[in-house]
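# Architecture and fold: a report
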Amino acid sequence: MRDGDGFGRQRAGSRRLRRLRGAAASGAALRPNHAGEGERESDERSGFHAGYCIYVARDLPAGRFRVTLNAVTIRPASAHDHDAVWRILEPVIRAGETYTLPRDMPRDDALAYWFEPDHEVFVAEDAGGIVGTYFLRPNQRGGGAHVANCGYITAPGSSGRGVGRKMCEDSLERARARGFRAMQFNFVVSTNKRAARLWQSLGFEIVGCIPEAFLHPDSGYVAALVMHRKL
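Criteria and cut-off values
- Residues numbered from 1 in each chain as written.
- Predicted model: local features only at pLDDT ≥ 70, side-chain atom pairs only at ≥ 80, totals over all residues.
- Heavy atoms only, no water.
- Helix = DSSP H or I, 4+ residues; strand = E, 2+ residues; numbered from the N terminus.
- Buried < 20%, exposed > 50% of the residue type's maximum accessible area, 1.4 Å probe, protein only.
- Contact = heavy atoms within 4.5 Å.
- Areas by Shrake-Rupley, 256 points an atom, 1.4 Å probe, with all protein chains shown as cover.
- Pairing = 2+ DSSP bridges.
- Expected span 1.5 Å × (residues − 1).
- Bend = angle between axes of the 7 residues up to and from the residue.
- Salt bridge = Lys/Arg side-chain N within 4 Å of Asp/Glu carboxyl O.
- Axes fitted to C-alpha atoms, helices over the stretch in contact; angles between N-to-C directions.
- Parallel < 35°, antiparallel > 145°, perpendicular 65-115°, else oblique.
- Left-handed = near helix turned anticlockwise from the far one by under 90°.
- Nonpolar A, V, L, I, M, F, W, Y, C, P; charged D, E, K, R; others polar.

### A short note on the overall build of the chain
Each helix and strand in the chain was counted, giving five helices and nine strands. Counted from the first residue to the last, the chain has its helices and strands arranged as α-β-β-β-α-α-β-β-β-α-β-α-β-β. The buried share of the chain, taken over its 231 residues, is 49%. For the chain, contacts bridging at least 24 residues in sequence account for 65% of all contacts bridging at least 6. Element-wise, carbon and sulfur atoms account for 49% of the exposed surface of the chain, whose accessible area totals about 10,900 Å².

Now the structure itself:
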C-alpha cells in the first residue's frame, strides 16, 4: 500500500526503549514486533530487532482521527481533475517519505501511474475544491483478485481534518460493494505512524513487517508494514 502524509525522522536509542517500557507500566496497550522506524537497539521481550520492528499503540487516544467533514463528497475522478490531482501528488512524490516513487517523477508519469487502467480513481471535494484522491484496485490478479488495495493522498493543508478517514471509509464501502473479500495495504512506510494508526482505527491489523524495505530521505532504511482487514 502507498500512503500520503509522512512523518519526519525518529531517533533511536535506549531512552526510546525506556519510554516505551514506562508507557507499558502505566497501562498503555502496546503491540510488539510490527512497525519499524529505524531504531537499532533490541528489546529482549519482543524477540525482534528494534531496527526492524518497534512497539505500535494497539489503541488510539480517545477522539483522535475522529474529525469528520460533513461537506466532503467523494466522486469518480475524470480527466478534468488531472491538474488538481497533480497538485496533490507532487509534494508527496517530491518529499519521498511515503511512496515508492522516484522523487523527480515527471507530471505525466505520475498521472499515468495514478490513473493506471486497473485503478478506479476518486477525488474528495470540500466546498468545491479537491482535498484528496485515492485509487481502488485488485491487489493481485487471478487467484488474488478478491483482495482490494488502495492508495490515498490528502491535499497539502487538508491533513488532520479527517479527509484520509473519509476516503478510507468510502473505499471500504466501494470495495465491499464490488465483491472484494478483504483489503490489504502492501507497503505502509513505518515512519508514517499517523497513517498506520489511522488504518488501525479503521479495523486494519499489521500482519507483516518488511525490514529495511524503504529508504527514507531523513531516517535512512526503515521497515514497511503489511496491513489487512476483512470486509
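### Re the pairing of strand S4 (residues 120–126)
For S4, a buried count of six out of seven residues is recorded, marking the element as mostly surrounded by other parts of the structure. Summarising the sheet, strand S3 (residues 73–76) and S4 pair through four bridges and their orientation is antiparallel. The partner of Pro76 across the bridge, within S4, is Phe122. In terms of strand pairing, S4 meets strand S5 (residues 129–138) through seven bridges, oriented antiparallel. Considered in S5, the bridge of Val123 is made with Thr133. Adjacent in sequence and paired antiparallel, S4 and S5 are bridged by two residues, among which Ala127 carries a positive phi angle near 55 degrees.

### Here's the deal with helix H2 (residues 82–95)
An α-helix turns once every 3.6 residues. As a result, residues three or four positions apart point the same way. Spanning 14 residues, H2 covers 20 Å between terminal C-alpha atoms, matching the ideal 20 Å at 1.5 Å per step. Along H2, the sharpest change in direction is near 30 degrees and occurs at Leu89; proline Pro91 comes one to four residues later. Along H2, the residues classified as buried are Ala84, Val85, Trp86, Ile88, Leu89, Val92 and Ile93. The first or second residue beyond H2 is Gly96, which carries a positive phi of 65 degrees.

### Section: the environment of Val222
Along the chain, the position of Val222 falls in strand S9 (residues 220–230). On a C-alpha basis, the gap between Val222 and Val189 in space is 7.4 Å, while along the polypeptide they are 33 residues apart.

### Here we look at the pattern of salt bridges
Counted under the stated rule, the structure contains ten salt bridges. For Arg178, the salt bridge is made with Glu120, and the minimal N-O distance between the two is 2.7 Å. Remark: Glu120 occurs in strand S4 and Arg178 occurs in the loop between helix H4 (163–177) and strand S7 (182–189); sequence separation between them is 58 residues. Classification of Glu120 by relative accessible area gives partly exposed; the value is 31%. Close ionic contact of Glu173 with Arg176 constitutes a salt bridge, the shortest N to O distance being 2.9 Å. Taken as a pair, Glu173 and Arg176 lie in helix H4 at a separation of three residues, close to a single helical turn.

### Remarks on the packing of H4 against helix H5 (residues 193–201)
For any two helices packed against each other, the geometry comes down to the angle between their axes and how far apart the axes lie. Contact pair H4 / H5: the axes reach a minimum separation of 11 Å and the direction vectors enclose 45 degrees. Considering the angle they form, H4 stands oblique to H5. Considering the relative orientation of H4 and H5, their crossing is right-handed. Across from Gly164, Arg165 and Cys168 in H4, the residues of H5 making contact are Leu198, Trp199 and Ser201. Split into classes, the residues belonging to the contact of H4 with H5 amount to three nonpolar, two polar and one charged.

Any functional reading would require information beyond the geometric quantities listed.
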